[in-house]
Structure formats: C-alpha cells, structure tokens
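# Structural overview for review
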Amino acid sequence: MILVLPHDQRFTHIGRNRLSKPVCLVTGVGPAKGTGGEIVKRFAEGGYQVAMLARNTENLKTLERNIENAVAFPCDVGDLELLVKTIEQIKETLGHPEVVIHNALRSVRGSILELDPDDLERNFRVNTTALLYLARETLPAMIDAGKGAILITGNTSATRGKTNWGFFASTKAAQRILAESIAREFGPKGIHTAYFIIDASIDTPRTRPMLAPDKPDEFFAKPSAIAEEMYRVAHQDKSAWSFTVELRPFGEVW
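Scope of this entry: the structure provided in the associated data block. (Residues numbered from 1 in each chain as written. Predicted model: local features only at pLDDT ≥ 70, side-chain atom pairs only at ≥ 80, totals over all residues. Heavy atoms only, no water.)

## As for the pattern of salt bridges
One pass over the full model with this rule turns up eleven salt bridges. Salt-bridge contacts for R106 lead to D119; the nearest nitrogen and oxygen are separated by 3.0 Å. Of the two residues, R106 sits in the loop between β4 (97-102) and α5 (117-145) while D119 sits in helix α5, which places them 13 residues apart along the sequence. On the basis of relative accessible area, R106 is assigned to the partly exposed category, the value being 26%. A salt bridge links E180 to R184, with the shortest nitrogen-to-oxygen separation between them at 3.1 Å. (Salt bridge = Lys/Arg side-chain N within 4 Å of Asp/Glu carboxyl O. Helix = DSSP H or I, 4+ residues; strand = E, 2+ residues; numbered from the N terminus. Buried < 20%, exposed > 50% of the residue type's maximum accessible area, 1.4 Å probe, protein only.)

## Considering the sheet that holds strand β5 (residues 148-155)
Read from one edge of the open sheet, seven strands run β3-β2-β1-β4-β5-β6-β9, paired in parallel fashion. Looking along the sheet, the strands with just one partner apiece sit at the ends: β3 (70-74) and β9 (244-247). The sheet shows a mean angle of 20 degrees between the axes of neighbouring strands, direction not considered. With eight bridges joining them, β5 and strand β6 (residues 191-198) adopt parallel strand pairing. In the sheet register, N155 faces β6, and the bridge partner there is I198. On top of the sheet, helix α3 (residues 57-66) reaches β2 (49-54) and β3; it is set at about 170 degrees to β3, its chief contact. (Pairing = 2+ DSSP bridges. Axes fitted to C-alpha atoms, helices over the stretch in contact; angles between N-to-C directions. Contact = heavy atoms within 4.5 Å.)

## Let's talk about the pairing of β2
Burial within β2 is extensive, with six of its six residues counted as buried. Where strand β1 (residues 23-27) lies against β2, five bridges are found, and the strand directions are parallel. Bridging from a neighbouring strand, T27 pairs with L53 of β2. Between β1 and its parallel partner β2, the chain crosses via helix α2 (residues 35-45), and the hand of that crossover is right-handed. Pairing analysis gives five bridges linking β2 to β3, with the strands arranged parallel. Directly across from L53, in β3, lies its bridge partner F73. In this view, the connection linking β2 to its parallel neighbour β3 by way of α3 has right-handed handedness. (Right-handed = clockwise from strand over helix to strand, strands pointing away.)

## Here we look at unusual backbone geometry
Peptide bonds are trans in most cases, and residues, glycine excluded, mostly fall at negative phi. A positive phi is found at N69, a non-glycine position, where the angle reads about 75 degrees. Along the chain, N69 turns up in the loop between α3 and β3. The class of N69 is buried, set by a relative accessible area of 7%. Phi at N164 takes a positive value of approximately 75 degrees, unusual for a residue other than glycine.

## With respect to the environment of D203
As for its position among the elements, D203 is in the loop between β7 (201-202) and α7 (207-211). With relative accessibility at 24%, the residue D203 sits in the partly exposed group. Sequence separation between D203 and H235 is 32 residues; the distance between their C-alpha atoms is 25 Å. Setting aside anything within four residues of it in sequence, one finds D203 in contact with K33, R208, F220, A221 and P223.

## Examining the pairing of β3
One face of the sheet, then the other: side chains in a regular strand alternate in exactly this way. Burial runs high along β3: five of the five residues are buried. By the alternation rule, side chains of β3 split into A70, A72 and P74 and V71 and F73, which are all buried.

## Re the side chain of T204
Tracing the backbone shows T204 in the loop between β7 and α7. Residue classification places T204 among the buried positions, given a relative accessible area of 12%. If we ignore the near neighbours within four places in the chain, the residues touching T204 are K33, G34, T35, P209 and P223.

## Some details on helix α8 (residues 223-234)
In a regular helix each residue adds 1.5 Å, so twelve residues correspond to 16 Å; α8 covers 16 Å between its end C-alpha atoms and thus fits that length. Of all the residues in α8, the buried ones are P223, I226, A227, E229, M230, Y231, V233 and A234. (Expected span 1.5 Å × (residues − 1).)

## Notes on helix α4 (residues 80-93)
With 14 residues, α4 should cover 20 Å at 1.5 Å per step; its first-to-last C-alpha distance of 20 Å lies within 8% of that length. When we look at burial in α4, the residues that qualify are L80, L83, T86, I87, Q89, I90, K91 and T93. Positioned one or two residues after α4, G95 has a phi angle of 125 degrees, which is positive.

## Describing the nonpolar core
Core analysis: the largest hydrophobic core is formed by 33 residues, its most contacted members being F43, V50, M52, I101 and L151. Looking at this core element by element, the count peaks at six residues for α8. Those residues within four positions of L151 in sequence are excluded, and the remaining contacts are F43, V100, I101, H102, A194, F196, M230, V233 and A234. (Core = buried A, V, L, I, M, F, W, Y, C linked by side-chain atoms within 4.5 Å.)

So, in structure tokens, the structure goes:
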C-alpha cells in the first residue's frame, strides 16, 4: 500500500529549499548498508534530492529519517501502473528526475524444467519492463533540458547463461540490450546511459551472512564503492562517456 500525502502536506514535509536541488530517482532501495541505500546516501551527499522506490515502506521511512534530502516513495516497480503513478508523484513533489538509477531486481533460481514459467515473466517485468517505463516517463524532460543520466545495476548474468540461473540471466541480458538501445538513441541528445556489470559478491547485511559468511573482507565489493563509481559515471564529461562499466574486487578470478 502506498500512502499519498496531499500536495500541500508533501510540500511542507520537503521544504522549499530542497525543491531547488536536482532530482535523482533510485529503485530497489534496501537497507542502509546495501547497494541501494549507499547509492541514495552518495547522491544525497552530492547535492541531489533523492526519490527512493522500494516495496518496504518501513525501511524507506528509516532511510528518510537518517539521510537528509532523501524522500520515500513506496512502490513495487513490478506493478507498472503504480510505477507510472509514483513517477508522477515524484515529478509533482520534487521535480523531474535528472538522474535515474534502476537498481531493483527480481530473481528465481532453479532448473528450467522445474521453475514456474510465470516467474520468467515476473523477472522480466521488474528487471526489464520497469526500465522501459522509467525511461519513457523521464526521458522527455531530460531531452528538453539537454542533459540527464540513466544508470542500471547489472551483473555477469547479463552476459552469460548458467545452470539454474536461466530465468534471471535471460531477463538481465534483455535489460542490458534495452539499456544499450536507450544509450544509442538518446546519447546524441545529451542523455548518458550506463550499464554496470558487477562481477562480485556484494557486502550487504543480507547477502554476506547468507552466501559467504567465512570469506574475508577483500572477497566482497563494498556497496559504498559501487555507489561512488555510479556517482562518478553520472558526472562524466560528455567527451568521454562510459556505457559498459565492469566492477569487481581485486581478488576476483575472471
């Protein structure tokens, strides 16, 4: 359930001085020390008003209290109608996003013979179709301004299929190709699109104890380091834009 404050209440909550800041929209915002949370923190520190999208309302409200210039917009990006309405709320409340970061993902793991085919469609909706909607709803204002950035969090599944990861990898590969199409079409209009292939286990409060509790710190990619690189790429000089950005710990075998 998403709670929508009346326009005047949201304006009071945000404050007039914040409405002059550029807007960054981030999907898939998890805990404070996760990738999404660190992206929010970095862009807020960099002078942006950050619109945070995720399903967990309680977590978003905690981040909103702890990060200045971060505003919670509870939303399941797999609900495409709700996603469009939420983007409209962001435009009305904060302004048109200048940077859009699609960090949300959906994944299921298992044999192609055993998984529910509907899960492929659900993965596609969150990983790929939501990116399409984010782009369509924010690109017109970016084009009018002659600037903007769309950044997508990907991983090595976007470049290869592996046993038991077919439903995830196929949708991430589609996501990467869609991102490249956006980059080629709208780059000449001043819009920078970049795809981040993160070849690593990310050191988050949820994944580390579950996937690699015995590994040393250097085994992991730090969410804060990923966020820092995304901020840097979002502000690259137009004469030297990146599209594919690969990130991995120094000890990763590849």
